[in-house]
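Observations on the three-dimensional arrangement
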Amino acid sequence: QVQLVESGGGLVQAGGSLRLSCAASGRTFSTYVMGWFRQAPGKEREFVAAIRWSGGSTYYADSVKGRFTISRDNAKSTVYLQMNSLKPEDTAVYYCAASQQYYTDVPRYYTEVPRYDYWGQGTQVTVSS
């Protein structure tokens, strides 16, 4: 089992920044990829960014590329999502997720919700215009 706890959400004006954190505990050594997803009211949960736990390679959704940065601190078992130049359409509940399924093709597999085994409770991000 892996437990994930997100923090760092809040209310920010358009153009502002927030940094989300996701602290992982439990059997984290079996985790291959950590991801961030988001879900706006009435919409499906969508992929935002992913990072390989070993090696640190990253992948982003086109909608956040160049504005968001995913990173990890292995010593703290924590993943971060730095969000800059926020837009009202970034408003959503943001979820951290851990995958213990191994795939070589990150864009093909780790952008999909079923590829992740554990999820955090979510943190609300609201961007006002």
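Preceding this paragraph is the structure being described.
Below, the structure is looked at part by part.

**Some points on the packing of aromatic side chains**
- Applying the stated rule across the entire model yields nine aromatic pairs.
- For the ring pair Tyr103 and Tyr110, a centre distance of 5.6 Å and an interplane angle of 70 degrees mean the geometry is edge-to-face.
- By relative accessible area, Tyr110 is classed as buried at 0%.
- By the ring-pair criterion, three or more aromatic residues cluster together here, those being Phe37, Phe47, Tyr59, Tyr103, Tyr109, Tyr110, Tyr116 and Trp119.

**Side note on the sheet that holds strand S8 (residues 78–83)**
- Read across the open sheet, the four strands follow the order S1-S3-S8-S7; overall the sheet is antiparallel. Edge positions in the sheet fall to strand S1 (2–7) and strand S7 (68–73), since each has one partner strand and no second. The sheet shows a mean angle of 15 degrees between the axes of neighbouring strands, direction not considered.
- Pairing geometry for S7 and S8, over six bridges, is antiparallel. When the sheet's bridge partners are listed, Ile70 is paired in S8 with Leu81.

**What to know about the pattern of salt bridges**
- Throughout the structure, instances matching the rule amount to five salt bridges.
- Two residues, Asp62 and Lys65, come together in a salt bridge whose shortest N-O distance is 3.1 Å.
- A network of salt bridges, in which partner residues are shared, links Arg38, Glu46, Arg67 and Asp90.

**Considerations on the side chain of Ser77**
- Tracing the backbone shows Ser77 in the loop between S7 and S8.
- Ser77 gets classed as buried once you look at its relative accessible area, which sits at 17%.
- Setting aside residues up to four positions removed in sequence, Ser77 forms contacts with Cys22, Ala23, Ala24, Thr28 and Trp53.

**Brief notes about the pairing of strand S9 (residues 92–99)**
- Burial within S9 is extensive, with seven of its eight residues counted as buried.
- Relative to strand S11 (residues 123–128), S9 runs antiparallel, the two being bridged by three bridges. Each residue of the ladder has a partner; that of Val93, found in S11, is Gln124.
- Taken together, the two bridges between S9 and strand S10 (residues 118–119) define a ladder with antiparallel strand orientation. Residue Ala98 lies in a different strand from S10, and its bridge partner there is Tyr118.

**What to know about the state of the cysteines**
- Tallied over the full model, the rule gives one disulfide.
- Each sulfur in the disulfide pair Cys22 and Cys96 lies 2.0 Å from the other. One disulfide, between Cys22 and Cys96, carries an S-S torsion of -75 degrees and so falls in the left-handed class. In this pair, Cys22 is assigned in strand S3 (residues 18–26) and Cys96 in strand S9, connecting sequence segments 74 residues apart. With respect to class, Cys22 is no different from Cys96; both count as buried.

Cut-offs applied
Residues numbered from 1 in each chain as written. Predicted model: local features only at pLDDT ≥ 70, side-chain atom pairs only at ≥ 80, totals over all residues. Heavy atoms only, no water. Phe/Tyr/Trp six-rings, centres within 6.5 Å; stacked < 30°, edge-to-face > 60°. Buried < 20%, exposed > 50% of the residue type's maximum accessible area, 1.4 Å probe, protein only. Pairing = 2+ DSSP bridges. Helix = DSSP H or I, 4+ residues; strand = E, 2+ residues; numbered from the N terminus. Axes fitted to C-alpha atoms, helices over the stretch in contact; angles between N-to-C directions. Salt bridge = Lys/Arg side-chain N within 4 Å of Asp/Glu carboxyl O. Contact = heavy atoms within 4.5 Å. Disulfide = S-S within 2.5 Å.

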